[in-house]
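A closer look at the structure
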Amino acid sequence: MQTLELIIFAGLAVVVLYQLYTVLGRRVGRQPGDRPAAEAGGPAIKAPDLQVEAADEGVALTGLAAVKAIDPAFDMDRFLGGSKSAYQMIVTAFAEGDKTTLGNLLAPGVLAGFEAAIDQRVAENRTETVEFAHPPRADLDMADVVDGDLARLSVRFLAEFRSRTKGPEGEGVDDRRTAEVWTFERRLKSRDPNWLLVRVDAAEA
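The rules behind these values
- Residues numbered from 1 in each chain as written.
- Predicted model: local features only at pLDDT ≥ 70, side-chain atom pairs only at ≥ 80, totals over all residues.
- Heavy atoms only, no water.
- Core = buried A, V, L, I, M, F, W, Y, C linked by side-chain atoms within 4.5 Å.
- Buried < 20%, exposed > 50% of the residue type's maximum accessible area, 1.4 Å probe, protein only.
- Helix = DSSP H or I, 4+ residues; strand = E, 2+ residues; numbered from the N terminus.
- Contact = heavy atoms within 4.5 Å.
- Phe/Tyr/Trp six-rings, centres within 6.5 Å; stacked < 30°, edge-to-face > 60°.
- Lys NZ or Arg CZ within 6 Å of the ring centre and 35° of its normal.
- pLDDT = per-residue confidence, 0-100.
- Pairing = 2+ DSSP bridges.

Once that is clear, we can look at the nonpolar core. Core analysis: the largest hydrophobic core is formed by 35 residues, its most contacted members being F79, I90, L102, L106, L153, W182 and F184. Put simply, the parts of the chain that give this core at least two residues each are α2 (63-70), α3 (76-96), α4 (99-105), α5 (108-123), β1 (127-132), β2 (137-146), β3 (150-167) and β4 (170-187). Residue contributions to this core peak at nine residues, all from α3. Setting aside residues no more than four positions away along its own chain, F79 makes contact with F74, L153, V155, F184 and W195.

A few words now on the packing of aromatic side chains. Evaluated as defined, the whole model comprises 11 aromatic pairs. Ring centres of F79 and F184 lie 6.3 Å apart, and the angle between their planes is 90°; on these two criteria the pair is classed as edge-to-face. Placement of the pair is F79 in helix α3 and F184 in strand β4, with a sequence separation of 105 residues. A residue is classified by how much of its surface remains accessible, and F184, at 2% relative accessible area, is buried. Ring geometry for Y87 against W182: centres 4.6 Å apart, planes inclined by 45°, an arrangement best described as tilted. Here the residue Y87 occupies a position in helix α3, and W182 occupies one in strand β4, the gap between them amounting to 95 residues. One exposure class covers both Y87 and W182, and it is buried. In this structure an aromatic cluster arises from ring pairing among F74, F79, Y87, F132, F157, F161, W182, F184 and W195. If you follow R121 out to its NZ or CZ, it ends over the ring of F94, 5.0 Å from the centre.

Time to look at the confidence of the model for the protein. For the protein, the mean per-residue pLDDT works out to 79, and 70% of the residues sit at or above 70. The low-confidence segment residues 6-10 (pLDDT under 50) makes zero contacts with residues lying over four places distant or belonging to another chain. Segment residues 12-58: pLDDT under 50, and 10 contacts once partners within four positions in sequence are set aside and those in other chains are kept.

A few words now on the pairing of β3. For β1 and β3, the ladder comprises six bridges, and the chain directions are antiparallel. Looking at the pairing, E128 lines up with T165 of β3. Linking two consecutive strands that pair antiparallel, namely β2 and β3, is a turn of three residues; a positive phi of about 55° is found at D147 within it. Note: β3 against β4, 18 bridges, orientation antiparallel. Residue pairing in the sheet places E160 in a bridge with R177 of β4.

See the structure below:
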């Protein structure tokens, strides 16, 4: 009787051990000695292609970005410093009737208006000089590129100066505080580094 029970228990033990082996004896996941399928000679798995949208080449740059795209060397501080010098030179040259200096700094349309005012002043036998109290303030108002490489930048000037006039009726002194927006243009691909004044507009002080 005891021998029969031992045989039965031994058989059950064999069945249980076999089931444990069939479960625990399997390797789950990648083992330390395994190689990737591509290294082991199996078929390589290709990752799905990712569609990356290209930048829209039709988008046009504007403002200073458009200027620097054509002329990477463009320096905003240098431009504003130059525009302040140009402002003082033009105002002074206009007061003194210096058409030669104006001709180098003004576009033809603006130059014609300045020359007409100078001629009228001469016809009335008047003279004028100006003295700046301090350098004008210059702030960028607008920037853009048109017609391929034509940069157009508008600068808002705030200036204080003393105007001395002399005419048939005598002398006069006038302290002025002006606010104007001046627009300058330049071909960015041109070797000529000079900007021309193409427009003058009144602005609020």
